[in-house]
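Summary of structural features
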Amino acid sequence: MDDKPDPGTLSENSEVLFSFGVIADIQYADLEDGYNFQGNRRRYYRHSLFHLRGAIEHWNREGSPPRCVLQLGDIIDGYNAQYKVSEKSLELVMNTFQMLKVPVHHTWGNHEFYNFSRNYLTNSKLNTKFLEDQIVHHPKTVPSEDYYAYHFVPFPQFRFILLDAYDLSVLGVDQSSPKYQQCLKILREHNPNSELNSPQGLSEPQFVQFNGGFSQEQLNWLNEVLTFSDTNQEKVVIVSHLPIYPEASDSVCLAWNYRDALAVIWSHKCVVCFFAGHTHDGGYSEDPFGVHHINLEGVIETAPDSQAFGTVYVYPDKMMLKGRGRVPDRIMNYKKENAFQL
């Protein structure tokens, strides 16, 4: 059954505080079905828009609507750039999102950068930084304009952090810029292949062009926000297009410097879960520090008779992902010292 769970059956003696929606890798294009680069997984370019509409209709029908929806990146496919219809396709998807009755937070993935420059994205409707929260008297928790990241509070004592996994990347930046040269140097140091999208023979297969990484500046900012959340006993959800935990992901899909991101997260007790997209076939693992890593199944590789989105119901002691279609249900218990004392 795919009906909304009755909160009473999911968790005895605790009530739902709030909920939020998650959806990943829509990758819309006005194209006939195709296949992934390996030729072994079908992609439903045109139908992805119908899946998005179905998800929005579901969220709009919820008795208690979600506080927000997290769109985990790759909203339109790179093929749009090839056919010079990037703006038209983005407008079509964004008009569909306008049907949603709650705010949506957009993450940027590699396909955003196949279609648009970083400068374009910054000035587009895909920039939802205007929804950020400002922590008064804590200037170090204000993100730099050099990367696309921010944090917000959908419900008291819960902070969501949206990260820029292509802060270090050769995608979407001017090839004459120092940033491009710096990132190309990092990539070439780890990937000697003439085709930089190929992980062939690499000891660290995440160092391919379709991935990226987090600058030290962004990681320092993340550390400051998590320090604030620790001090104020907040629970934190982190969102990124790229996953950072090998046990939950294909190793070729990880962020370049995923270990650096994990080191920051593991030095704090406030993080409950880390949501990512990118892999399309999904994944889950709880790491040794009790952080739940969820890679959401991609809409683009979801057959027309199925679905791929989820709603996360937040309780005082856990979060429960109720998946739709090929997204499985998950229970994410808080670390013992992190559960609310009611």
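Up top is the structure these notes are about.
Bear in mind the structure is a predicted one, so any value in this text is a computation, not a measurement. (Residues numbered from 1 in each chain as written. Predicted model: local features only at pLDDT ≥ 70, side-chain atom pairs only at ≥ 80, totals over all residues. Heavy atoms only, no water.)

**Points about the overall build of the protein chain**
As a reminder of what qualifies: Note on conventions: DSSP H or I runs of at least 4 residues are helices, E runs of at least 2 residues are strands, and numbering of each starts at the N terminus. Atoms counted for the radius of gyration: C-alpha only. Globule rule: 2.2 Å times residue count to the power 0.38. Partly exposed describes any residue whose relative accessible area lies between the buried limit of under 20% and the exposed limit of over 50%, with all areas from a 1.4 Å probe on protein chains only and scaled to the type maximum. Note on definitions: a residue-residue contact is assigned when non-hydrogen atoms from the two residues lie within 4.5 Å. In these tables, accessible area is a Shrake-Rupley quantity obtained with a 1.4 Å probe, and a residue counts as shielded only by the protein chains included in the view. Charged residues are defined narrowly, with Lys and Arg counted positive, Asp and Glu counted negative, and His plus the chain ends left uncounted. Lys charges are placed at NZ, Arg charges at CZ, Asp charges at CG and Glu charges at CD.
Each helix and strand counted, the protein chain has nine helices and 14 strands in total. Its C-alpha radius of gyration of 19 Å places the protein chain within 12% of the 20 Å reference for a compact globule of 342 residues. Relative to its 342 residues, the protein chain shows a buried fraction of 59%. Within the protein chain, contacts between residues at least 6 apart in sequence are counted, and of these 66% link residues at least 24 apart. Total accessible area computed for the protein chain in this model is approximately 14800 Å², and 49% of it derives from carbon and sulfur atoms. Between the centroid of the 29 positive side chains of the protein chain and the centroid of its 42 negative side chains there is a distance of 2 Å.

**Observations regarding the pairing of strand β9 (residues 271–276)**
For the record, the criterion: At least two bridges found by DSSP between two strands is the condition for calling them paired. Whether a crossover is right-handed depends on one test, that the path from the first strand over the helix to the second runs clockwise when the strands point away from the viewer.
Within β9, six of the six residues are buried, which leaves the element mostly enclosed by the surrounding structure. As paired elements, strand β8 (residues 235–239) and β9 share four bridges and run parallel to each other. Counterpart to V236 in the pairing with β9 is V271. Regarding the hand of the β-α-β motif, the stretch spanning β8, helix α9 (residues 258–266) and β9 is right-handed. Where β9 meets strand β11 (residues 292–295), four bridges bridge the pair, whose relative direction is parallel. Opposite F274, over in β11, you have H293 as the bridge partner.

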